[in-house]
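Coordinate inspection notes
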Amino acid sequence: MLLVHGLGDSPYSFIDIAPVLAEQGYLVHVMLLPGHGSRPADLMLPNVKDWQGAVANQVALLKNEVDEVWLAGFSTGTNLVTSYAAQNPEAVKGLVLFSPAFSPDDVIVRFAGTASLFVDWVNVAKEQNYTRYDSLAMHGAALYYQTTTQVKQDLQQYQLEVPALLMVTENDELIDTEAVYSLFRTEFVHPSSRLVWYGEKPYPDARVIKRSMDLPKQNIESGSHISVLYRADNPLYGERGLMRQCGGAQEGEVYTVDCVGMPTLTYTAWGYLKKIASVLA
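Thresholds applied
Residues numbered from 1 in each chain as written. Predicted model: local features only at pLDDT ≥ 70, side-chain atom pairs only at ≥ 80, totals over all residues. Heavy atoms only, no water. Pairing = 2+ DSSP bridges. Helix = DSSP H or I, 4+ residues; strand = E, 2+ residues; numbered from the N terminus. Contact = heavy atoms within 4.5 Å. Axes fitted to C-alpha atoms, helices over the stretch in contact; angles between N-to-C directions. Buried < 20%, exposed > 50% of the residue type's maximum accessible area, 1.4 Å probe, protein only. Salt bridge = Lys/Arg side-chain N within 4 Å of Asp/Glu carboxyl O. Right-handed = clockwise from strand over helix to strand, strands pointing away. Polar contact = N/O pair within 3.5 Å; in protein donor to acceptor, adjacent residues only side chain to side chain. Phe/Tyr/Trp six-rings, centres within 6.5 Å; stacked < 30°, edge-to-face > 60°. Lys NZ or Arg CZ within 6 Å of the ring centre and 35° of its normal.

What follows is about the sheet that holds strand β2 (residues 29-30). What the 7 strands build is an open sheet, ordered β2-β1-β3-β4-β7-β8-β9; its pairing is parallel. Looking along the sheet, the strands with just one partner apiece sit at the ends: β2 and β9 (208-211). Looking at chain direction, strand β1 (residues 2-4) and strand β3 (residues 70-74) are connected through 3 bridges and run parallel. Bridge pairing links Leu3 to Ala72 in β3. Those strands touched by helix α3 (residues 76-87) are β1, β3 and β4 (94-98), and its axis lies near 150 degrees from that of β3.

Time to look at the pairing of β4. β4 sits mainly inside the fold: 5 of its 5 residues count as buried. Side chains Gly94, Val96 and Phe98 of β4 all project onto a buried face; the interleaved residues Leu95 and Leu97 project onto the opposite face, where all are buried too. In this structure, β3 lies alongside β4, joined through 5 bridges in parallel fashion. For Leu71, the partnering residue across the bridge sits in β4 and is Leu95.

This part is about the pattern of salt bridges. Counting across every chain of the model gives 6 salt bridges. One salt bridge in this structure joins Arg39 and Asp42, with 3.1 Å as the shortest N-O distance. With a relative accessible area of 14%, Asp42 lands in the buried category.

In this section: the pairing of β3. Across the 5 residues of β3, 4 count as buried, placing the element largely inside the fold. Regarding the hand of the β-α-β motif, the stretch spanning β3, α3 and β4 is right-handed.

Our focus in this paragraph is the side chain of Thr82. As for its position among the elements, Thr82 is in helix α3. Within the structure, the side chain of Thr82 is placed 2.7 Å from the backbone oxygen of Thr78, a separation counted as a polar contact. Discounting residues that sit within four places of it in the chain, Thr82 has contacts with Leu95, Leu97, Phe102, Val151, Leu155 and Phe188.

Let us look at the packing of aromatic side chains. Throughout the structure, instances matching the rule amount to 9 aromatic pairs. Taking the centre distance of 6.4 Å and the plane angle of 70 degrees together, the rings of Tyr181 and Trp197 count as edge-to-face. Remark: Trp197 occurs in strand β8 (residues 194-198) and Tyr181 occurs in helix α6 (residues 177-187); sequence separation between them is 16 residues. Residue Tyr181 shares its accessibility class with Trp197, and that shared class is buried. One aromatic cluster in this structure is built from Tyr12, Tyr230 and Tyr237. When the ring centre of Phe184 is taken as reference, the NZ or CZ atom of Arg207 above it lies at 4.2 Å.

Below you can see the structure in the form of structure tokens.
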């Protein structure tokens, strides 16, 4: 199984998942996409073909060692592996997709390519997370949007012949989850395909497996974009992780174990508490 990370991320995304797959007998490879794993400025260098070629190369290397290859991805990585599987069904046995980023939740992302001509960065004062970039090159956002266009074209053009397991949190702050559900129904037609939906919406599709994220005993109100990846005891993103983002929005994040000034800590996606407050108002 080849695992492909998301925009600005690194192989750390799969630190909790890869060992479980290996224990079940899979040979697991976790790749690093061009422009990642060094410094945020290097996201200005690759193009989409570089990412696509890197995935194809890793698949070819795996096929020298095993008879069957599964592809897995997180976020932007899901677009890359799904496109590859649609175009090369004979090379792929199946897909595992964590937080499929087929459509962004914010329509502004579609203008990232134009914005990159005028603005280089959405940056922070200090890089704090050693597993991923905190700053984002606008060019990287433009590349992500290109992968969304490509994957939707590929799903429409080719019959996706392999089974797929998709995992989505209903209140994901970065992707359009309704679009994921819609594409699952129409394009992921293999009878063994399943969508694990972490949320409360009562979808009638028998292939949708629903898991509630309304867990008051654990102080959980919703799942986030990365909830499908990490164990509760993950040292960075878990219940007592170093990278808890205290606050209701992506901007102004505070990385602190104690979350100063928040005596009642609730786990949720970015902005979810703000949405509740606006409804109550």
